[in-house]
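Structural overview
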Amino acid sequence: MIISQLSRKNVQALTPYQSARRLGGHGDVWLNANEYPVSPDFDLTACLFNRYPDPQPAAVVKGYAAYAGVQPENVIVTRGGDESIELIIRAFCEPTDSVLYCPPTYGMYAVSAETCGIALKRVPLNADFQLELAEIEKQLDGVKVLFVCSPNNPTGNVVNRADLLRLLEMTRNRAIVVVDEAYIEFCPQASLVNELAHFPHLAIIRTLSKAFALAGLRCGFTLANAELIGVLQKVIAPYPLPVPVSDIAAQALSEQGIAEMKMRVNTVLANRTALIAEFAGLACVEKIFATESNYVLVKFEDGEKVFNALWEQGIILRDQHNAPGLANCIRITVGTEAENRKVIAAIRALV
Ligand SMILES: *Cc1c(COP(=O)(O)O)cnc(C)c1O
């Protein structure tokens, strides 16, 4: 009790991120965290652990830079994309600044800002889940960091490129625009990576947790111009990446690792098409939202009933009931063909 009261006021008030793992559940079909449904196979090749690791392991930085089409000076490796989010807030926000984000979107932008004691400005996405640029422009005073997620989690759509470019223009010399591309491998043509040359205040977040099938590894990246990367290098922990993590990450970023990732993406896209076709035939489905990612947002007549019934059967989905504008919506990760069949069969059996 006393100890809690010693913690910072914003931490006392904080509702921690409701991660898929924290929410729990029991079963054998896990479609609530946008993971790849099967693990890739890696062996550790590094076996010396007595020394501290390279703070920014060269093989990982070079491998990711080559894959992303940037120079190594444009890359910082972090403990998952989640660490990138917090690093950017910590490095750029004074206590009097604010962070702007556009719900419904990924929950960690708000949680990280609240943890750091930084005020939040919310400018909800419009009915098509696109940016409200005029409203954002009105709210820009005091905003130091803006987060946009594309493809957006949990809705699945890509944010219009022209809107992102206008956002970058209106924030030039004022704020950092973070574009979260955690799912970009499922629609690589939508990446803003080629815009880094034009916008020194653009930061792109990436991860090995989704298409690379390595959520358990905890490895992510920020891509940006060298000056911005240099700022993040000042505040990151001295040895963020354990030796086994960088060992496996380097293998995942080899030519073969990237070829395998692309095959996984093709598998997900094919299974997604099949899953969506099945949903379209279910009477209790009100809407299937367009997706460019490895998950599908579906609106049901009674979302709570579907979520709870499947939860009881060990099919764990991600309820979006409490997200603004997403009543009766459930986010469903594309699983294996067998898992997807189980989802459809379980929903069909509900009637
Ligand atoms: C999964 C995810 C991340 C990062 O996840 P890490 O596992 O920390 O790399 C970042 N943003 C969004 C939108 C995500 O869905």
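Right above here is the structure, for reference.
Residues numbered from 1 in each chain as written. Predicted model: local features only at pLDDT ≥ 70, side-chain atom pairs only at ≥ 80, totals over all residues. Heavy atoms only, no water.

What follows deals with the site of the ligand. Around the ligand lies a shell of 13 residues, among which Gly81, Asp180, Tyr183, Thr207 and Lys210 are the nearest. Measuring from an oxygen atom of the ligand, one finds a side-chain N or O atom of tyrosine 183 at 2.6 Å. Look at the ligand: alone it shows 390 Å² of surface, and the protein chains cover 94% of it. It is helix α5 (residues 80–92) that contributes the most residues to the shell around the ligand, three residues altogether. Looking at the shell around the ligand residue by residue, the classes come out as four nonpolar, five polar and four charged. (Near = heavy atom within 4 Å. Polar contact = N/O pair within 3.5 Å; in protein donor to acceptor, adjacent residues only side chain to side chain. Areas by Shrake-Rupley, 256 points an atom, 1.4 Å probe, with all protein chains shown as cover. Helix = DSSP H or I, 4+ residues; strand = E, 2+ residues; numbered from the N terminus. Nonpolar A, V, L, I, M, F, W, Y, C, P; charged D, E, K, R; others polar.)

Time to look at helix α8 (residues 161–171). Among the residues of α8, those classed as buried are Asp163, Leu164, Leu167, Leu168, Met170 and Thr171. One face of α8 carries all of its buried residues, which in axial projection span an arc of 165°. Next to the buried residues of α8 lie α7 (133–138), β5 (143–149), β6 (176–180) and β7 (202–207). Of the residues one or two after α8, asparagine 173 is the one with positive phi, at around 65°. (Buried < 20%, exposed > 50% of the residue type's maximum accessible area, 1.4 Å probe, protein only. Arc of directions from axis to C-beta. Contact = heavy atoms within 4.5 Å.)

One finds Leu131, Leu208 and Phe279 to be the most contacted residues of the largest nonpolar core, which totals 85 residues. If one sorts the elements of this core by residue count, helix α11 (residues 255–280) sits on top with six residues. Contact partners of leucine 131, with chain neighbours within four places excluded, come to Cys102, Leu125, Asn126, Ile136, Val148, Val159, Asp163, Leu164 and Leu167. If you look at the next biggest cluster of nonpolar residues, it comprises 29 residues, including Ile85, Tyr101, Tyr106 and Ala224. (Core = buried A, V, L, I, M, F, W, Y, C linked by side-chain atoms within 4.5 Å.)

Geometric descriptors of this kind do not, in isolation, establish any biological role.
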